[in-house]
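In case you want the letters, here they are:
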Amino acid sequence: MKLADAVLNFWGARTGKERTMLCAAGVTLLAAVSYAILLEPALAASRQLSTTLPRLRAQAEDMRQQQKEISALRKKVAAATQHTDLKALLESSTAGTSFVKSVERIDSLSGGRALWLAAPIPFDDWLGWMENLQREFGIRLEGCKISSTDQPGLVRVEATFASAGRTAIQKTQ
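Predicted model, so just to flag it, every value in this text is computed and none were measured.

Caption draft 1: The overall build of the protein, seen in detail. Scanning the protein for helices and strands turns up 5 helices and 4 strands. Its helices and strands in sequence order give the protein the pattern α-α-α-β-β-α-β-β-α, from N to C terminus. Per-residue burial for the protein yields a buried fraction of 20% across its 173 residues. Long-range contacts, defined here as pairs at least 24 residues apart, represent 51% of the contacts in the protein between residues at least 6 apart. Accessible area of the protein: about 12,400 Å², with a carbon and sulfur share of 60%.

Put into structure tokens, the structure is as follows:
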């Protein structure tokens with residue numbers, strides 16, 4: 001209570017004019033502290049957001065356009081592979097690879113599937129070719145058996161492919 005008594009004694013010893021000046025100084029100090037602690041950081045954040053918001057909106061619109069393009073491309077790929085024989089598509093795609101002479105056979109299977117056998121082929125080249133099949137034609141690898149050979153880096157591959165139009169629902173029926 002000593003601090004409270006000291007403040008009351010100090011306040012009681014002041015004249016009316018001094019009290020008014022002290023109140024005005026206190027209010028001014030309170031406003032300055034409130035501005036520095038609360039308002040200035042909020043205004044700075046608002047300025048920063050107002051500069052980044054147009055860029056973020058442009059990025060969001062770009063992403064929407066890309067999503068539309070992806071959907072259109074997926075439909076196009078699905079339609080193209082549904083109307084194209086999977087065996088013929090695999091043969092033409094294999095023709096441009098380094099392991100074209102190692103392909104033993106490509107057979108059509110029921111339900112839009114095909115069996116592909118090759119040996120010996122470079123494993124890395126086969127992975128690249130697989131990625132290309134999926135990206136460009138939407139062809140899925142449904143099943144695969146990879147066996148090593150006596151030569152390092154070369155493998156024997158027995159793969160079953162499914163066309164893009166063949167969905168998981170169709171597969172289970």
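Caption draft 2: Just the environment of Thr-160, in detail. Mapped onto the secondary structure, Thr-160 falls in strand 4 (residues 154-162). On the accessibility criterion, Thr-160 (18% relative accessible area) is buried. Along the primary structure Thr-160 and Leu-141 are separated by 19 residues, whereas in three dimensions their C-alpha atoms are 6.2 Å apart. Excluding its chain neighbours within four sequence positions, the residues that come into contact with Thr-160 are Leu-109, Arg-113, Ala-114, Leu-115, Arg-140, Leu-141, Glu-142 and Gly-143.

Caption draft 3: Region of interest: the confidence of the model for the protein. Looking at the protein as a whole, its pLDDT mean stands at 86, while 90% of the residues score no less than 70. Confidence, expressed as mean pLDDT per element, reaches its minimum in the protein at helix 5 (residues 168-172) with 41 and its maximum at strand 4 with 94. Contacts from residues 167-173, a stretch scored under 50 in pLDDT, to residues over four places away or in other chains number 3 contacts.

Caption draft 4: Quick look at the nonpolar core. By size, the foremost hydrophobic cluster in this structure holds 19 residues, and its most contacted members are Leu-90, Trp-116, Ile-121, Trp-126, Trp-129 and Phe-161. Apart from the residues lying within four places of it in its own chain, the contact partners of Leu-90 are Ile-106, Ala-114, Trp-129, Leu-133, Ile-139 and Phe-161.

Caption draft 5: Layout of the environment of Ser-147. Secondary-structure assignment places Ser-147 in strand 3 (residues 140-148). Note on Ser-147: relative accessible area 24%, which makes it partly exposed. Sequence spacing of Ser-147 and Glu-158 is 11 residues, and the spatial spacing of their C-alpha atoms is 8.6 Å. Those residues in contact with Ser-147, other than ones at most four positions away along the chain, are Val-155 and Arg-156.

Caption draft 6: Representation of the sheet that holds strand 1 (residues 103-109) within the structure. Read across the open sheet, the 4 strands follow the order 1-2-4-3; overall the sheet is antiparallel. The two strands at the open ends of the sheet, each matched to only one other strand, are strand 1 and strand 3. Each neighbouring strand pair of the sheet contributes to a mean axis angle of 15°, computed without reference to strand direction. Across 8 bridges, the pairing between strand 2 (residues 113-122) and strand 4 is antiparallel. Bridge assignment links Arg-113 to a residue of strand 4, and that residue is Ala-162. Where helix 3 (residues 86-95) meets the sheet, it contacts strand 1, strand 2 and strand 4, and its direction lies at approximately 155° from that of strand 1. Sheet strands in contact with helix 4 (residues 123-137) are strand 2, strand 3 and strand 4, and its direction is about 150° off that of strand 2.

Caption draft 7: Quick look at the pattern of salt bridges. On inspection of all chains with the given rule, the structure shows 8 salt bridges. As a salt-bridge pair, Asp-107 and Arg-105 come within 2.6 Å of each other at their nearest N and O atoms. The class for Arg-105 is partly exposed, based on a relative accessible area of 40%. Among the salt bridges present, the one from Arg-156 reaches Glu-158, with a minimum N-O distance of 3.8 Å. Given a relative accessible area of 25%, Arg-156 falls into the partly exposed group. On the accessibility criterion, Glu-158 (30% relative accessible area) is partly exposed.

About the criteria used
Residues numbered from 1 in each chain as written. Predicted model: local features only at pLDDT ≥ 70, side-chain atom pairs only at ≥ 80, totals over all residues. Heavy atoms only, no water. Helix = DSSP H or I, 4+ residues; strand = E, 2+ residues; numbered from the N terminus. Buried < 20%, exposed > 50% of the residue type's maximum accessible area, 1.4 Å probe, protein only. Contact = heavy atoms within 4.5 Å. Areas by Shrake-Rupley, 256 points an atom, 1.4 Å probe, with all protein chains shown as cover. pLDDT = per-residue confidence, 0-100. Core = buried A, V, L, I, M, F, W, Y, C linked by side-chain atoms within 4.5 Å. Pairing = 2+ DSSP bridges. Axes fitted to C-alpha atoms, helices over the stretch in contact; angles between N-to-C directions. Salt bridge = Lys/Arg side-chain N within 4 Å of Asp/Glu carboxyl O.

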